[in-house]
Amino acid sequence: MDTPREPRWLTEEEMQTWLALVSVLIRLPAALDGQLQRDAGISHFEYQVLAGLSMSPERTMRMSELASFSDGSLSRLSHVVGRLEKRGWVRRTPDPADGRYTLAVLTEDGWDKVVATAPGHVEAVRGFVLDPLTKGQTRQLRDIGRRIMRAIDPDDTCLG
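Below you will find a few notes about this structure. What you see is a predicted model, and the numbers here were worked out from it, not measured in a lab.

1. Quick look at unusual backbone geometry
Note on backbone geometry: most residues besides glycine have negative phi, and most peptide bonds are trans.
Consideration 1: Despite not being glycine, arginine 59 has its phi angle at roughly 55°, a positive value.
Consideration 2: Among the secondary structure elements, arginine 59 is positioned in the loop between α2 (44–54) and β1 (60–62).
Consideration 3: Its identity is not glycine, yet aspartate 71 carries a phi of approximately 55°, on the positive side.
Consideration 4: On the secondary structure map, aspartate 71 appears in the loop between α3 (63–70) and α4 (74–86).
Consideration 5: Residue aspartate 71 is classed as exposed on the basis of its relative accessible area of 71%.

Take a look at the structure:
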């Protein structure tokens, strides 16, 4: 019979590190969302969907893959893609390789929206995340993010 282990508590330094990370995780998405809403009239999630499609071959992706890329449920993605379809930025079509799947396709108007929106979003990312850091800290942040993602999901392919 195993002896129960004592819980491992966080040290003061670990607690401060954790609280700093939690603050970023909570406030950064809201800051990015606010910039996109104000400047482009879309949410951060909508931008992730459009950007994901813009980076895909032929600007096309299976809905299930796009849901994974954008870290949303298939149901949430379906609602968002419906809104994007009404704006003429995305269209859905059956996958010719396997009709059980649906493809999301970025339209020319959708491409134009990404191109128009990207500079403001990049500026916000720079201002909130990259500019306050040195080049060395930026590399460390990248490496830290990759390590955390490998601990969460060893099969994650988004970060390369």
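There is more to say, and it comes next.
2. A short note on the packing of α2 against α3
Relative orientation and spacing of two packed helices are given, respectively, by the angle between their axes and the distance between those axes.
Consideration 1: With their axes 10 Å apart at the nearest point, α2 and α3 run at an angle of 125° to one another. Our classification of the angle between α2 and α3 gives oblique. The interaxial crossing formed by α2 with α3 has right-handed handedness. Residues Phe45, Gln48, Val49, Gly52 and Leu53 of α2 touch α3, and the partners they reach there are Leu66, Phe69 and Ser70.
Consideration 2: Looking at the contact of α2 with α3 residue by residue, the classes come out as five nonpolar, three polar and no charged.

3. A closer look at the packing of aromatic side chains
How two aromatic rings sit relative to each other is given by the distance of their centres and the angle of their planes.
Consideration 1: If you walk through the whole model with that rule in mind, you get zero aromatic pairs.
Consideration 2: We note arginine 59 situated over the ring of tryptophan 111; from NZ or CZ to the ring centre the distance is 3.8 Å.
Consideration 3: Over the aromatic face of phenylalanine 45 sits the side chain of arginine 76, whose NZ or CZ is 3.8 Å from the ring centroid.

Cut-off values and rules
Residues numbered from 1 in each chain as written. Predicted model: local features only at pLDDT ≥ 70, side-chain atom pairs only at ≥ 80, totals over all residues. Heavy atoms only, no water. Helix = DSSP H or I, 4+ residues; strand = E, 2+ residues; numbered from the N terminus. Buried < 20%, exposed > 50% of the residue type's maximum accessible area, 1.4 Å probe, protein only. Axes fitted to C-alpha atoms, helices over the stretch in contact; angles between N-to-C directions. Parallel < 35°, antiparallel > 145°, perpendicular 65-115°, else oblique. Left-handed = near helix turned anticlockwise from the far one by under 90°. Contact = heavy atoms within 4.5 Å. Nonpolar A, V, L, I, M, F, W, Y, C, P; charged D, E, K, R; others polar. Phe/Tyr/Trp six-rings, centres within 6.5 Å; stacked < 30°, edge-to-face > 60°. Lys NZ or Arg CZ within 6 Å of the ring centre and 35° of its normal.

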